[in-house]
Structure formats: C-alpha cells, structure tokens
Amino acid sequence: MDNEIKLEKFAEQYMKSKEAYEKFTNEVSAILKSVLKSHSIKHQVVSKRVKEYPSLQDKVLNGKIPKQIETIFDVDDISGCRVIFYLESDIQKFTNLIFDEFTIEKDNLIYTDDGYNARHLVVRNKTDSQDCIEDESIRKMKCEIQLTTVLFHAWSEMSHKILYKLPEEVSEFDEQSISAIKEQFKGVMKNHIKPASYTFDYLNERYQKLLQGKRIFGFDFLQTILLSSSRNEVYEKVNLLSKFVVEFGDKTPDEYNLVEFIPKVINHSKTLSSEGVDRPLGRLFSIEHYHIAVVCLDIINHIRYINIDETIDILKEQISADEKRINKKAIEVLNNLTQFNLKLMDKAGYLPQLKILSKIEEHPFTIEKNEWDFYETTISNLLKLEFDDTTLIDYKKLSITTGSLGVNAHLKQLRNRVITLLEELYKNNSERNVRINLMKKFTEVSNLPRRTEYDGTLEELVKENTVRVLRWLLENFEGLDLQEIKVVDENLYKYRNMMTDAEETKKLDDLIKDNNEYEIYKTLVGNDLNNRDIGWREAEKIRKEKTNALLEDISLESYDAWEQRIVSISAGYDKENDWEFRNFKRFLFEIGKQKTEVAQRIITKNENSIEHFLSDLVAGLWTAGRRQIVIDILCKWIEEKTYLSECAEFFLLVDTPDISLLDKLLQSIKEEDDFNSLFVLLQAILRHEEFYQDLNTLFMQIVLKFAENQHFYWTNLIWFDENSILNHLTEDEFEEILSLLTLANNIDIHEEEVLKPVCSNNPKKVISFFSDRVERAIERSKDGLFGTYSAIPHSFYSIGDFLKENSQEVLTEITKWFYREEYLFKAEAAQLIKNIFPNFESDLEDFLIAKIGHGNRGDAKNILSIIKEYEGDIRTHEVLKNIVREYYGDTELIRELTVVLTQTGVVWGEYGFIESYRQTKKEVRKWQRNEQSEEIKDFVKDFIDMVNKRITQEQRRADRNIEMMQREFDR
C-alpha cells in the first residue's frame, strides 16, 4: 500500500474515530491522575492530546509509519499523554503502577548522556476491562504515555523549538553557529541537567531517610521494641534501628542511653520464645535469641566509643554467654574497641585504651569460667605496637595503611599498667590453663611490630618492658609449673635476640637448664618442628635417645617419682594440643610393653588421673603378651561404663583385636549414647582391614546407631578403594547403608565415597537414591521443616564422572522426574543433571536435541529448565537454536527461552550485566551464519532488540547507582 492510498484510508478512519480517540485519551488521562493521587506521587502536570490531522498526514506522506501498519488503530501515538515529574526516581515508581492498570504494548526507555531522556509506554486497555467498553473502536486504540522530568522536559522543549523546527534558511545562514548550539545543548544535558537530576534524587532520598530516622529514634518506636511479643518482631525492629545507627549514629532522645537500652533488648529477647513464620510456600525458620543479640552487638560496635565503661560490661557478659555465635560477635566488637585506630589516635591519642584499661582494673582479678576470651583479646590488642587503618579514597577505592605506634608518656603508662594487670591476674588465679595462658600473654610484651618499620625509642620501650617481665619471672620462677616453664623456654630465644648481654636472660636460662624435672618434661612433651638450633630430624633423634634413657631409669624402686611425673604431665593434657603429647604417649606405650609391673601399678592407682593415656599403657601391656590382664581391665571398665573412649582408643593401637571384647565395648557405648567413643571405635574397626570379614556386622551396628541420631560424620572415614570395608558388605547391608544416607542433610565428598561402588555397576540405583532424598525433602516441607536438608547437592566432587559413563541410562531416569506432580522433582532434576554434566558435555547436548526432535512441547519446557542451570553458558546455544526452529510460533515458550538465554551468572562491577548482555548479543548474532531458517533470523532480530533495551535500562541503573554513591561519599 503506497503512502497516498494509506493516507486516504487513515483519513477516513481518523475522521470517524476522532471523537472516540478524545474520549479514550481523557479516560487514560483520568486513570493516570487517579494513580498519581492515590499513591501521593508528586508531579508537575499531566497533559493529553489527540494527534492533529496535519501531523498525521505529514507522518504518513514522509514514510514515518512502518509498512506493516495498515490501520490507524495500530499507530502508537494517535492518542498521547505526558506526565512530568520532579524526580527521576518517581518515574520508575509510577511505571510499576501503570503496569497494573494497562496492557503494555511497548516500553521504551530513551536514555542518553547528552540528548533526550524519557520513558515512553504504549498501552491499551486491559483485556478484562474491554467488556465494559461499548465503543468497539476504543477497544482497539493505543495511547503513548510519555514520562519525563521537569528538567528533561525543559531541555526537550527548548531543543525542539530551536533545533527540530529550525527553518532551513536559518540553518543555511550560519551552519557553524548552529553546530555550536547543538553541542551546547548536549553539554547542558550532560554537564548540568543530568547531574542536577541525580542530585535532586539524592537530596530527596536523604530527606526521606531523615524523616524515617526521626521516627526510628523516637521514644515511641524504641518502646515498641521492649513491648514486642515475639522475637520475630523484636528482630525486625532492632535490625531497622541498626541500619539507622550506621547511617546517623546515636540520635536517640536525651532520656535514652542507647548503650543502656541495648542490654534491655537482649534481656527482653531471652524472655520470648521462637516461632516460625508461615508463608505460602511453607513455614520459614524462626528468629532465635542469637539473631537479636548479634544485631544488638552490631549497634554497640557502631557506638562503641560513646560510653566505654558500659560497652565493656556488655561485651564481657556476652562473651561469657552460652551461645557461641553471640560470643564470636562480642569478641569481634571487643577487638574493634581495643585495637589502635589511626583516626581515633589523631583525635584522642591513647586515651581510649587507657580508659578501657581503667575499667578492666575495676573488675575483680579472678577470671571466671568463659571469661578468658575477653581478657585474651583485650590484653593482646593493648600490647600491640602497630595499627591498621582503612580509608575510602573515593566511593570505589579503599586505602589500607599499617604503621607503628609513637612512643609518649601515655603509651609507656599503658604498657606498664597492662604488665601490672597480668601480674595481678596471675597472682589471683590458680586454675592451670588460665595461668598458662597468662604466661603466654607475658611473652607478648616483647613483641615488636612485624609488618612495619619502627624507631629506636619503640625498641627501647619494649626492652624496658621485657626487663620488667624477666625480673618478675625470676622472682616467681620457683612457683611456675612445668608447662609454664615450657612457655618461657620456648620464648627465651626472643629475649636472647633482643638483649644479648642482659643479665636477667642469662639467669633465667640457667634456672631452666638446672631444672631436672623440666628437662624430663621437655623430653616427653613437645615437638621438634620449630627447633631453631638444629633441624627437626636431628632434634627428633635426640629426643628418642633421651626418651629411651628415661625408660631405662624406670623401675619399681623409682616408681614413686615416676608416678608423680606421669600424673603431673597427664594433668596438663589439652585435647587441642594432643600433638604435643605424641612422644609422651609413645613413652607410656613402651612402659606398658617393657615395664609391665610398673604399668599395671600406675593404672591401678591412677586410672582417673591419667584417663587420657590409659589406652597407651594398656596397649603396651597387650603387646607385651599380658592379654588376660588387659582383658580383665577392659571388661571391668566396659561393665562399669567408664573410660569407654580409652577402650575404643586401645583397639586403634593394637594390631590384633579381640572381636568378642570389641563387641562388648560396642554394646556399652551404644547404651550410653557415647558418640565420641563410637566414632573412635569406628576408626579402630576400619584400621583392621584383614579382619573386615569379621567386623562388618559391628560396622553396620555403628552406622545404624549414628543414623538413628542423625549423625553422619562417620562417612568422613570411608574411602572407596579395593580394600574398602564396603566391599565386604552383603547386598542387603549396602541397601541399608543407602537407605540411611537418605536421612543425611547433605551429600558431600565423603557420602559420595559410599555411593561410588554402585555408580558404575548400577547407576539407576544412584538416581533412585537421589529420588528418595527428594521424596524426603517434600515430606519435610509438608511438616514445615526448611533450611537444613538439601536433597541434591549444589555440585558433585567425583561421582558425576562415574555416572557420565552411562549418560543415556542416567538421563533417561532423571528426565522422568519432570513428569512427577511435585514441583521439587522438576527443580532437582535440572540440578542433578547439571551436577553430572557441569560442562554441558556432548552426550547431554545430543540427548536433549533428540528430545526436541520428538516434538513434545513439555519436553521443550523441561529442557529449558535444565539449560537455566547453566546460567547463559554458550555451550547450550545449539540446543536453544533447535527449540527456536521447532517452536518459534509458541510465544510463551520463546519468552521462557529468552529468559534462559539472558541469564548471566555472577558478574563484576556496576557495569557487569551490560558486558554480559553484550557478549550474549554477540554470540546470538552468530546464529544467523549459514542459517536457512527464517525462524532463527526473526528470533535473532527480536532478541537483539530486546537485549538493546535491557542494556539501556541497565546502563541507566548503573549510572544512577554510581552517581548516588559518589554523592554519598562526598557527603
């Protein structure tokens, strides 16, 4: 249809429908005004118009209307409305509301640095409102709604008037001047109007925050926190308070002390119970007390210097709380409070640290249970001679600075008072571990900065402090126990290096060398890895020689002295430092082996005092052939249900286990629900490979006991190889193992080791296993249990490689899940396939393309679910192309495909999405190469148009975020 004929047709339609268009335009305008009013969105004006016929005529004759448009009702802008806002941010808010009122035909964001900026929506009346419209022509009409701001509109009107409607004779009069005007218009937009627009938005956001902050810090809101009847409500409100404390600091009323208020919130939370939250998809986890306490401690962290005394009291109490997550957060805040801060030092020097120390000096010098972390963190930070500082250079750059402290009278006073505090704490605490830890703190007095340079005055200060510590050690040396002397001995090299000729160092060194009991202790306890004088191999050799010499000295005549030594050393055992006692354990084993009478007497008289080392002595006796004696001892302990862990440890140490005795021990451990001992016993069973045939029944009992109590860490000990105990299980026993593993919250690397035997031989069984786990997840969700059980892991470590070997069989089984009624099966099927084929291997591609060829739309939807897991991986494109060829006319399916195709995965930086979209666009363009399918060509064109719009939207979002961050930084 040529333009003259089209104009004739349009003219007739225009004259007949002009009145209807005016009515339609008025209705759209009324809806827009109603939405603006009901949502209190500030705006300058809502204008409307029906395009005048001369303007339509000009548009048709100049070919500005696409050829495919054959009626006036398909023209976008016959009806038009414009809303002018004060703030650009209100445009997005209003757009979201418009989507609820109309059917959106087009959504065009016009966004440039130096040109026209607006959002144009082309709308029709919604389908569900069409029945109310009597005039048939109105049902077909479109309206273009232009959304812009006052600033953008002023620029647009001026540039339109001066440049768009510029008479030709003026343009020709001085082309250079006209070009200059155009450039000036661009400059005005880029350098003035856009920055002003961002600033208006920023100022409005700040103002809204101020209004909200005034309410949040108000008396009424704070009172509602203490009156809340559930932890969920307390958490929501205190979390909001925390955000505004970060933003504005403490702005509470004068009658409120926020540092006093926070403990009240924590105590109130303790009185409340936890309850889940019902949601359409099920019951969500409940807020626990620790969630609230952690947020409260976050608030304390942000105002930590306002009231140091009360802050110290709060942190000390919370560090001693029973909940580890609260302890951890409180220690983090205490660390921030006590460490040296450059910005604070510039304003207040070392006065905050002196204030902290004064508060601690008011406390009793006895360290109660769970208080050590408080003292350890504080003392370590106060003794450090360096600081870290982080400073924002601009909104995206961070400067990290490290430096050493400057010496002045306050720093000297601070360190001397810390040493005095250590002395008082040591004097007033007799608990062994506390004293050892305090001794370690004494050694930190001698630490110089390690990451930064320092001057001579700082080194002199440290030497002065070190001499004071050395003199205190000399005065108190006789009262130090062997472990405390060991701490001093291990740090003596620092004193020697720092003060080569110091008399105190030499005296302390002589005292240590002359202490015979310590020499024995040092031989039996410790390690040789950090030996600074000789290599560790040589040191280990010397230690063994000395240990053998000590063994020679042991007899019934020297029993009393050795009994006392062994009991004393045993008392210092700490499970965290078990490796320090390896030589002592070997020593006791050899006593049992070589000095059987001495070993028996030690066990009989001191079994409670040497509990952690009973297994070594008893194993030595067993190795020496005193088996009946050992059996009698173990049977007594098993019957009394004492030292069960040591009994289990015994079976780890001997080469030939007594199966019946092991069985008796297992039954006692099961009766006691002693899972630590059960784990040790499992280790012992797995150690004895040559007895697996006899031990597999006991192995199954242990596994069952663990599973009954939802413990699955036993899998950490299972590794599948030719010697694995799994090879000695019957088929029924292995089936039972798989059934138990469906109860495990997660399938991790160790659980995979259990699955490996069936991956190659019976892959269907593995898929069936995961199907059972999905069933369990569904049942748990019905019971409102969420968050801890993962039916399918996020990825596989190794079993995917085994399952890939049977790809056709595996994929056939998994894709059956898509036809289950429960949605979770569909979601987990896609995840499981991704786990097995993480790189979208060719076997998977071939399988999916073959499925598409069957022409089943349901299969195509399922394939899109699978490909979605690959987050835009270009290796999926060949499959997607096949879907386009087969289903291009299916609008819904192609829309889903477009969503899948534009997935990005993780991106970096504000412009990360833009770069990802551009890369996707580049790859999809390649689809047209040597392509005969018109469907592919049409899809590519539509897709690129859509991606370009998305890039524009993303560009605008990223630019705005950066501008807002810059303004926030400048504030």
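The rules behind each value
- Residues numbered from 1 in each chain as written.
- Predicted model: local features only at pLDDT ≥ 70, side-chain atom pairs only at ≥ 80, totals over all residues.
- Heavy atoms only, no water.
- UniProt positions renumbered as here; feature names shortened; annotations may be inferred.
- Pairing = 2+ DSSP bridges.
- Helix = DSSP H or I, 4+ residues; strand = E, 2+ residues; numbered from the N terminus.
- Axes fitted to C-alpha atoms, helices over the stretch in contact; angles between N-to-C directions.
- Contact = heavy atoms within 4.5 Å.
- Salt bridge = Lys/Arg side-chain N within 4 Å of Asp/Glu carboxyl O.
- Buried < 20%, exposed > 50% of the residue type's maximum accessible area, 1.4 Å probe, protein only.
- Patch = residues over 30% accessible without salt bridge, like charges linked within 9 Å, V, L, I, M, F, W, Y side chains within 5 Å.
- Areas by Shrake-Rupley, 256 points an atom, 1.4 Å probe, with all protein chains shown as cover.
- Lys, Arg positive; Asp, Glu negative; His and termini not counted.
- Charge placed at Lys NZ, Arg CZ, Asp CG, Glu CD.
- 1 Å grid on protein atoms, 1.4 Å probe; cavity = no way out; pocket = protein on both sides within 12 Å on 5 of 7 lines; lining within 4 Å.
- Points joined across faces, edges and corners; volume = space filled by probe spheres on them.
- Nonpolar A, V, L, I, M, F, W, Y, C, P; charged D, E, K, R; others polar.
- Phe/Tyr/Trp six-rings, centres within 6.5 Å; stacked < 30°, edge-to-face > 60°.
- Lys NZ or Arg CZ within 6 Å of the ring centre and 35° of its normal.

- Named according to an unreviewed UniProt entry, the protein is RelA/SpoT domain-containing protein originating from Halobacillus kuroshimensis.
- We quote the UniProt Pathway (unreviewed entry) comment for the protein here in full: "Purine metabolism; ppGpp biosynthesis; ppGpp from GTP: step 1/2."

### Notes on the sheet that holds strand 5 (residues 143-149)
Part 1: Pairing in this open sheet of five strands is mixed, and the strands run 1-2-5-4-3 from one edge to the other. Strands with a single pairing partner mark the edges of an open sheet, and in this sheet they are strand 1 (43-50) and strand 3 (102-110). With strand direction ignored, the average angle separating the axes of adjacent strands in the sheet is 15°.
Part 2: Those strands touched by helix 1 (residues 3-38) are strand 1, strand 2 (79-85), strand 3, strand 4 (118-125) and strand 5, and its axis lies near 165° from that of strand 1.
Part 3: Contacts from helix 3 (residues 88-101) reach strand 2, strand 3, strand 4 and strand 5 within the one sheet, and its direction differs from that of strand 3 by about 155°.

### Let's talk about the pattern of salt bridges
Part 1: Summed over all chains, the structure comprises 70 salt bridges.
Part 2: A salt bridge links Glu-892 to Lys-861, with the shortest nitrogen-to-oxygen separation between them at 4.0 Å. With Glu-892 in helix 42 (residues 891-901) and Lys-861 in helix 40 (residues 857-868), this residue pair connects regions lying 31 residues apart in the sequence.
Part 3: Given the relative accessible area of 26%, Lys-861 is considered partly exposed.
Part 4: A salt bridge links Asp-873 to Arg-875, with the nearest nitrogen and oxygen atoms 2.8 Å apart.

### Comments concerning a negative patch on the surface
Part 1: A cluster of like negative charges, contributed by Glu-168, Glu-169, Glu-172, Asp-174 and Glu-175, occupies part of the molecular surface.
Part 2: Ranked by residues supplied to the negative patch, first place goes to helix 6 (residues 168-173) with three residues.
Part 3: Of note, Glu-175 is situated in helix 7 (residues 175-216).
Part 4: By relative accessible area, which is 55% here, Glu-175 ends up exposed.

### Considerations on empty space enclosed by the protein
Part 1: Evaluation of the coordinates by the stated rule reveals two cavities of 30 Å³ or more.
Part 2: Within this model, the largest cavity holds a volume of roughly 100 Å³.
Part 3: Elements supplying a minimum of two residues to the lining of the largest cavity: helix 3, strand 3, strand 4 and strand 5.
Part 4: The dominant element in the lining of the largest cavity, judged by the number of residues it contributes, is helix 3, at three residues.
Part 5: Of the residues assigned to the lining of the largest cavity, the class counts are seven nonpolar, three polar and three charged.
Part 6: In this structure, the second largest cavity spans a volume of roughly 60 Å³.
Part 7: Lining the second largest cavity are Thr-815, Phe-818, Tyr-819, Phe-847, Leu-848, Lys-851, Asp-859, Asn-862, Ile-863 and Ile-866.
Part 8: Going through the elements one at a time, helix 39 (842-853) and helix 40 are the ones with two or more residues in the lining of the second largest cavity.
Part 9: For the lining of the second largest cavity, the residue count by class is six nonpolar, two polar and two charged.

### What about the packing of aromatic side chains?
Part 1: Per the counting criterion, the structure on display carries 32 aromatic pairs.
Part 2: Between Phe-581 and Phe-584 the ring centres are 6.5 Å apart and the planes differ by 70°, which places this aromatic pair in the edge-to-face class. Neither residue differs from the other here; Phe-581 and Phe-584 are each classed as buried.
Part 3: Its end group placed over the ring of Tyr-290, Arg-325 keeps NZ or CZ at 3.7 Å from the ring centre.
Part 4: The ring of Tyr-559 has Arg-601 sitting right over it, with the charged end atom 4.8 Å from the ring centre.

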